Amino acid sequence: MKKYENENELLLLVASNLKRIRQNKKISQEELGFRCGISKNYVSDFERGKRNITIKVFQKIVEGLGIQPEELLKTHSK
């Protein structure tokens, strides 16, 4: 199992994957918030790594995007 060097590394991975997937699907932060029952500011704060999310919100986001949970956890080479 990978050790994360800092406490925000996994959070930032999920946040960047969320933003990438949302943009690829051409969904606005406002639309995703509506689909998930959260505010667009919540989505924005999370995508910028300024807010942590609960497992319940994680599930809402997965369902709102119509993806599998592991898609938000994948690492991508740059």
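To keep things clear, this report deals only with the structure shown in the data block. Keep in mind that what you see is a predicted model, and the values were worked out from it rather than measured.

Topic: the overall build of the protein chain
Along its length, the protein chain carries 4 helices and 0 strands. Reading the protein chain from its N terminus to its C terminus gives the helix and strand order α-α-α-α. Across its three principal axes, the protein chain shows a C-alpha extent of roughly 35 × 20 × 20 Å. Here the protein chain holds 78 residues, and the buried ones make up 36% of them. Partitioning the intrachain contacts of the protein chain with sequence separation of at least 6 by distance along the chain shows that 60% fall at a separation of at least 24. Just so you have it, the protein chain exposes about 5,700 Å², and 49% of that area is on carbon and sulfur atoms. In the protein chain, 16 positive and 10 negative side-chain charges are present, and the distance between their average locations comes to 2 Å.

Here's the deal with the pattern of salt bridges
Between side chains of opposite charge, a pair can form as their charged atoms come close. Within the structure shown, the criterion is met by 4 salt bridges. A salt bridge links R35 to E31, with the shortest nitrogen-to-oxygen separation between them at 3.0 Å. Residue R35 and its partner E31 are located together in helix α2 (residues 29–36), separated by 4 residues, close to a single helical turn. Note on E31: relative accessible area 31%, which makes it partly exposed.

Observations concerning helix α4 (residues 55–65)
Taken together, the buried positions of α4 are occupied by V57, F58, I61, V62, G64 and L65. Across the axial projection of α4, the buried residues extend over an arc of 165°, all falling on one side. Residues of α4 that are exposed and point more than 90 degrees away from the buried face comprise I55, K56 and E63. Where α4 is buried, its residues touch α1 (9–24), α2 and α3 (40–47).

What about the environment of L65?
Note that L65 resides in helix α4. Take L65: its relative accessible area is 3%, and that puts it in the buried class. As a C-alpha pair, L65 and I21 span 44 residues in sequence and 8.0 Å in three-dimensional space.

Quick word on α3
Counting buried positions along α3 gives 6 out of 8 residues, so the element sits mostly inside the fold. The complete set of buried residues in α3 reads Y42, V43, S44, D45, F46 and E47. Looking at the buried positions of α3, the neighbouring elements they touch are α1, α2 and α4. At the C-terminal side of α3, G49 shows a positive phi close to 75°.

Cut-offs used in this document
- Residues numbered from 1 in each chain as written.
- Predicted model: local features only at pLDDT ≥ 70, side-chain atom pairs only at ≥ 80, totals over all residues.
- Heavy atoms only, no water.
- Helix = DSSP H or I, 4+ residues; strand = E, 2+ residues; numbered from the N terminus.
- Buried < 20%, exposed > 50% of the residue type's maximum accessible area, 1.4 Å probe, protein only.
- Contact = heavy atoms within 4.5 Å.
- Areas by Shrake-Rupley, 256 points an atom, 1.4 Å probe, with all protein chains shown as cover.
- Lys, Arg positive; Asp, Glu negative; His and termini not counted.
- Charge placed at Lys NZ, Arg CZ, Asp CG, Glu CD.
- Salt bridge = Lys/Arg side-chain N within 4 Å of Asp/Glu carboxyl O.
- Arc of directions from axis to C-beta.

Scope: geometric values only; no functional claims are made or implied.
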